[in-house]
Amino acid sequence: MRKVLVLEDEENIRSFVVINLKRAGYQTVEAGTGEEALAAVKDNPDIKVALLDIMLPGMDGFEVCRRLRAMDNKIGIIMLTARTQEMDKVTGLMTGADDYVTKPFSPAELTARVDALFRRTGGDEAPVSPDEISDPPFLLNTRNRTLEKNGQRVKLTQVEYSIVKLFMENPGKALSREEILDTVWGKDYFGELKIVDVNIRRLRIKIEDNAQKPTFVNTVWGYGYKWGS
Ligand code: CA
């Protein structure tokens, strides 16, 4: 398994990074502070690449980078910087970083950098296709075709499972009802779009805390649905 440490104190950015790395086939270890990151690397000697945010409460990303380098010279380090000043780049490289990504970054840019660093650090075992998509409180297992919410199995039909998978593979993206129908039922299916709505309604009853006020499967009026906000 190709393991990546993600050090980022802002939870929404961290989960964005983690979701995208998982989708690209990486295993992730998360840390919210520099101290947690250093402990995680000690506990997980198979971490090959670390993504380090710079602005953190307490020890900053540069210091973490410096200490990681003192522990292990082989780990690949990418700094996540919100600032674009040359100073950060110089400081980052001086402390031993291999690369950086400037926020805001796209998932494609991030995974391309991580892939490249894995190749350079010799951590390039065969890419593992992800068999889990984690988006707390949900965990989708694509091998067993199962969904858990807060660790509890949610009983889904195959169609409902396919809808959830499509959503979780496209977090935050508005999906048209036609697109959902084509993907889940297949392009040859000559049914009514209403079948999408019926299944979504049932799905909401199973996965939402309150199906009347959905927060996971949201309606995009006049268009379709999207996962999350
Ligand atoms: Ca930060």
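Please refer to the structure higher up on the page.
Note that residues are indexed from 1 along each chain, following the sequence as it is written. In view of the model being predicted, local features appear only for residues whose pLDDT reaches at least 70, and side-chain atom pairs are presented and counted only at 80 or more, with totals across whole chains, interfaces and linings using the full set of residues. Each side-chain value is worked out from all heavy atoms of the structure, with water and hydrogens disregarded.

Caption draft 1: Highlighting the packing of aromatic side chains. Ring geometry is summarised as follows: Phe, Tyr and Trp rings, the Trp one being its six-membered ring, pair when their centres sit within 6.5 Å, and such pairs are stacked at plane angles under 30 degrees, edge-to-face over 60 and tilted between the two. Here the structure, examined in full by the defined rule, presents six aromatic pairs. Look at Tyr 26 and Phe 118: their rings are 5.0 Å apart centre to centre, the planes differ by 40 degrees, and that puts the pair in the tilted class. Taken as a pair, Tyr 26 in the loop between α1 (11-23) and β2 (27-31) and Phe 118 in helix α5 (residues 107-120) lie far apart in primary sequence, 92 residues in all. With respect to burial, Tyr 26 and Phe 118 carry one shared label: buried. The structure contains a cluster of three or more aromatic residues connected by ring pairs, namely Phe 138, Phe 167, Phe 216 and Trp 227. Strands here mean DSSP runs of E at least two residues long; helices mean DSSP runs of H or I at least four residues long; both are numbered from the N terminus. Classification of residues uses two cut-offs on accessible area relative to the type maximum, computed with a 1.4 Å probe and protein chains only: under 20% is buried, over 50% is exposed, and between them is partly exposed.

Caption draft 2: Main features of the coordination of the calcium ion. Coordinating N, O and S atoms are those within 2.8 Å of the metal (3.2 Å for Na, K and Ca), and as water is not part of the atoms, a site may appear to have fewer donors than expected. Taken together, the protein donors to the calcium ion comprise Asp 9 (OD), Asp 53 (OD) and Met 55 (O), at separations of 2.2 to 2.3 Å. Read in sequence order, the donor residues coordinating the calcium ion give the pattern D-x43-D-x1-M.

Caption draft 3: Looking closely at the sheet that holds strand β9 (residues 152-154). We treat two strands as partners when DSSP finds at least two bridges between them. What the four strands build is an open sheet, ordered β6-β7-β8-β9; its pairing is antiparallel. Unpaired on one side and paired on the other, β6 (132-135) and β9 mark the two borders of the sheet. When the angles between neighbouring strand axes are averaged without regard to direction, this sheet yields 25 degrees. Of the strand pairs in this sheet, strand β7 (residues 138-141) and strand β8 (residues 146-149) are connected by four bridges, and their pairing is antiparallel. Residue pairing across strands places Asn 141 opposite Thr 146, the latter belonging to β8. Contacting β6, β7 and β8, helix α6 (residues 158-169) runs over the sheet at an angle of about 115 degrees to β7. Only C-alpha atoms enter the line fits that serve as axes; for helices the fit covers just the stretch in contact. Angles between N-to-C directions range over 0 to 180 degrees. Whether two residues are in contact is decided by their heavy atoms, any of which lying within 4.5 Å being enough.

Caption draft 4: How the structure looks around the sheet that holds strand β11 (residues 217-220). Pairing is antiparallel across the open sheet formed by three strands, whose spatial order is β10-β12-β11. Each edge of the open sheet carries a strand with a single partner, namely β10 (174-176) and β11. Ignoring which end each strand starts from, the neighbouring axes of this sheet average 35 degrees apart. Direction of pairing for β11 relative to strand β12 (residues 224-227): antiparallel, over a ladder of four bridges. Note on β12: the bridge partner recorded for Thr 219 is Tyr 225. Relative to β12, α6 is tilted by about 65 degrees, and along the sheet it contacts β10, β11 and β12. Where helix α8 (residues 194-207) meets the sheet, it contacts β11 and β12, and its direction lies at approximately 145 degrees from that of β11.

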